[in-house]
Amino acid sequence: MRLEERWQHLWTAMDKPAPSGLLPALLEAYSEPQRHYHTLQHLDECFAHLDTLRPLAEHLHEIELALWFHDSIYDVHAHDNEARSAAWADSALAGAGIAPAACARIHALIMATCHDALPASNDAQLLTDIDLAILGAEPARFAEYEHQIRAEYAHVPQDVFSRERRRILARLLARSPLFHTAAMQARLQQPARSNLQHALQ
């Protein structure tokens, strides 16, 4: 399903009109020139995983909205991208008539993509697994992902990048389990560990 079609289908399913101008703003954000991985490709891949995991969601529409916004702000020099993305979601979705309780849950889902704490809900587990699903991609796609991340940090000297990237990948490899949902553990845990081990070598 094309992203534009998915957006319209989502708002139709929620029985609400799609907010005027919001989709073009999101598509423009994910198409910014400094992005190489955190792009519409990543968004599309996230939705493809969600489509196979829909029965696991408690609040499916909220997960989908959180995915739309989770990397909507992306500045490699900043440390508050998730918070700023969540703030954009707060204002945009409240203005579109999404209930306050739902907005709060969506905010929490976006903040869970910081990946700095255990997900606090089943939906957060699902969303964070989807966000990290690239780790278990086919080797060629994982290699492309690594090149895309390097391109986003092209301003960082190679020795510094290599040291910090190894630290991040080693931390991911040490996670047990790497994925939180049983479905993603079964599907992607072994490929992800293989990809991470290969990258660290």
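Structural data are supplied above this passage.
Definitions and limits used
Residues numbered from 1 in each chain as written. Predicted model: local features only at pLDDT ≥ 70, side-chain atom pairs only at ≥ 80, totals over all residues. Heavy atoms only, no water. Phe/Tyr/Trp six-rings, centres within 6.5 Å; stacked < 30°, edge-to-face > 60°. Helix = DSSP H or I, 4+ residues; strand = E, 2+ residues; numbered from the N terminus. Buried < 20%, exposed > 50% of the residue type's maximum accessible area, 1.4 Å probe, protein only. Contact = heavy atoms within 4.5 Å.

Even after reading the chapter, I still don't get the packing of aromatic side chains, so can you show me in this structure?
The full count for this structure, using the stated rule, is seven aromatic pairs. Ring geometry for W7 versus W68: centroids 5.0 Å apart, planes at 80°, classification edge-to-face. Residue W7 is located in helix α1 (residues 3-13), and its partner W68 is located in helix α4 (residues 60-69); the two are separated by 61 residues in the primary sequence. Exposure class is identical for W7 and W68. Each is buried. Pairing F142 with Y145 gives two aromatic rings, centres 5.6 Å apart and planes at 55°, and the pair type is tilted. With F142 and Y145 both in helix α8 (residues 139-152) and three residues apart, the pair spans about one turn of that helix.

Mind showing me how you'd approach the environment of A66 here?
Along the chain, the position of A66 falls in helix α4. C-alpha of A66 to C-alpha of H180: the two residues are 114 residues apart in sequence and 18 Å apart in space. In contact with A66, other than residues within four places in its own chain, are I106, L109, I110 and L127.

Would you take a moment to explain unusual backbone geometry for this structure?
It is generally the case that most residues other than glycine have a negative phi and that most peptide bonds are trans. The amide bond that connects S176 to the next residue, P177, takes the cis arrangement and shows omega of 0°. Unusually for a residue other than glycine, D15 sits at a positive phi of about 60°. Here D15 lies in the loop between α1 and α2 (22-30). Of the residues examined, D15 reaches a relative accessible area of 70% and is grouped as exposed. Positive phi, close to 60°, is recorded for H115, a residue that is not glycine. Residue classification places H115 among the partly exposed residues on the basis of a relative accessible area of 25%.

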